[in-house]
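An overview of the molecular structure
The primary structure of each chain is shown beneath.
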Amino acid sequence: MTDLLPLLQEFHREKLTMMLQHQAGACLIGQYDANNTYQYIINREEAQLSWVAKAIEELGGAVPADVTGPERAPAGKPAEAARVVLEEDARDAQAFVDRWRARVDEMPNARHAKMLRVVLGEALEAKRFFEQALAGRTDLLGRRGETLGPSHGDVLASRWIE
């Protein structure tokens, strides 16, 4: 049990870094459906982080707060920058799962291991979304009705306009 708390804290730190990276990346993803998918992934990651944070707190630990978000500014035109972000995020999702799968499988605490397996599974789902967006798919979160047409266009890079 003594190894469980540091393991959960390390996992939380890595997952938080990944979520912050996705938040920064979403600002560079202009295509409406791909951006909506990023919002969905970020929302799921917020839920996952709350699960891990609760487990850390139940064990008497502190949730890591020393993580800063990365700046993402790939060079090139918007479409090229979006491609780079999607490729990086797909690669990083697989690397995260590869780094953690064996460690999670070795955990003696079944409850926490199951929780982390769910997070790993959802990381693979996010990877699939990134790959589908790279392939030009727009039905990432479902098919839209016939009256809306094939595409909604792009979203604004910033929420606030002055």
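Whatever comes next refers back to the structure up there.
Presented here is an overview of the structure given in this document. (Residues numbered from 1 in each chain as written. Predicted model: local features only at pLDDT ≥ 70, side-chain atom pairs only at ≥ 80, totals over all residues. Heavy atoms only, no water.)

1. Thoughts on the overall build of the protein
The helix and strand inventory of the protein stands at four helices and zero strands. Its helices and strands in sequence order give the protein the pattern α-α-α-α, from N to C terminus. Out of the 162 residues belonging to the protein, those deemed buried represent 40%. Put simply, 76% of the contacts in the protein that link residues at least 6 apart link residues at least 24 apart. If you sum the accessible surface of the protein, you get close to 9400 Å²; carbon and sulfur atoms cover 53% of it. (Helix = DSSP H or I, 4+ residues; strand = E, 2+ residues; numbered from the N terminus. Buried < 20%, exposed > 50% of the residue type's maximum accessible area, 1.4 Å probe, protein only. Contact = heavy atoms within 4.5 Å. Areas by Shrake-Rupley, 256 points an atom, 1.4 Å probe, with all protein chains shown as cover.)

2. Concerning the packing of aromatic side chains
Tallied over the full model, the rule gives four aromatic pairs. Considering the side-chain rings of Phe11 and Trp100, the 4.9 Å spacing of their centres and the 80° angle between planes classify their relative orientation as edge-to-face. Placement of the pair is Phe11 in helix H1 (residues 4-26) and Trp100 in helix H3 (residues 78-105), with a sequence separation of 89 residues. With respect to class, Phe11 is no different from Trp100; both count as buried. Against the face of Phe129 rests Arg128, its NZ or CZ located 5.0 Å from the ring centre. (Phe/Tyr/Trp six-rings, centres within 6.5 Å; stacked < 30°, edge-to-face > 60°. Lys NZ or Arg CZ within 6 Å of the ring centre and 35° of its normal.)

3. So, the side chain of Lys127
With respect to the helices, strands and loops of the structure, Lys127 is situated in helix H4 (residues 110-134). Residue contacts for Lys127: discarding those within four places in its chain leaves Ala90, Ala93 and Gln94.

4. Here we look at the packing of H1 against H3
Helix-helix packing is described using two parameters, namely the angle between the two axes and the distance between the axes. For the pair H1 and H3, the least separation of the axes is 11 Å and the interaxial angle reads 170°. Classified by the angle between their axes, H1 and H3 sit roughly antiparallel to one another. Residues Leu7, Glu10, Phe11, Glu14, Lys15, Met18, Gln21, His22 and Gly25 of H1 touch H3, and the partners they reach there are Val85, Asp89, Asp92, Ala93, Phe96, Arg99, Trp100 and Arg103. (Axes fitted to C-alpha atoms, helices over the stretch in contact; angles between N-to-C directions. Parallel < 35°, antiparallel > 145°, perpendicular 65-115°, else oblique.)

5. Section: empty space enclosed by the protein
Scanning all chains against the criterion turns up one cavity of 30 Å³ or more. In this structure, the largest cavity spans a volume of roughly 70 Å³. What lines the largest cavity is Lys15, Tyr40, Ile41, Arg44, Glu45, Gln48, Glu122, Ala123, Glu125, Ala126 and Phe129. Secondary-structure elements contributing two or more residues to the lining of the largest cavity are helix H2 (32-58) and H4. Classifying every residue of the lining of the largest cavity by side-chain character gives five nonpolar, one polar and five charged. (1 Å grid on protein atoms, 1.4 Å probe; cavity = no way out; pocket = protein on both sides within 12 Å on 5 of 7 lines; lining within 4 Å. Points joined across faces, edges and corners; volume = space filled by probe spheres on them. Nonpolar A, V, L, I, M, F, W, Y, C, P; charged D, E, K, R; others polar.)

6. Brief notes about the packing of H3 against H4
Between H3 and H4, the shortest axis-to-axis distance is 9 Å and the interhelical angle comes to 155°. With respect to their mutual orientation, H3 and H4 come out roughly antiparallel. Like other packed secondary-structure pairs, H3 and H4 cross with a definite hand, here left-handed. (Left-handed = near helix turned anticlockwise from the far one by under 90°.)

7. Let's talk about the pattern of salt bridges
With the rule as written, the count across this model stands at 12 salt bridges. The partner of Arg72 in a salt bridge is Asp89, with the nearest N and O atoms 2.9 Å apart. Pair noted here: Arg72 is in the loop between H2 and H3 and Asp89 is in helix H3, with a separation of 17 residues, a long-range link. Accessibility expressed as a relative area gives 1% for Asp89, which makes it buried. Residues joined by salt bridges that share partners form a network here, namely Arg72, Glu88 and Asp89. (Salt bridge = Lys/Arg side-chain N within 4 Å of Asp/Glu carboxyl O.)

Remember that the coordinates give geometry; whether it matters functionally is a separate question.
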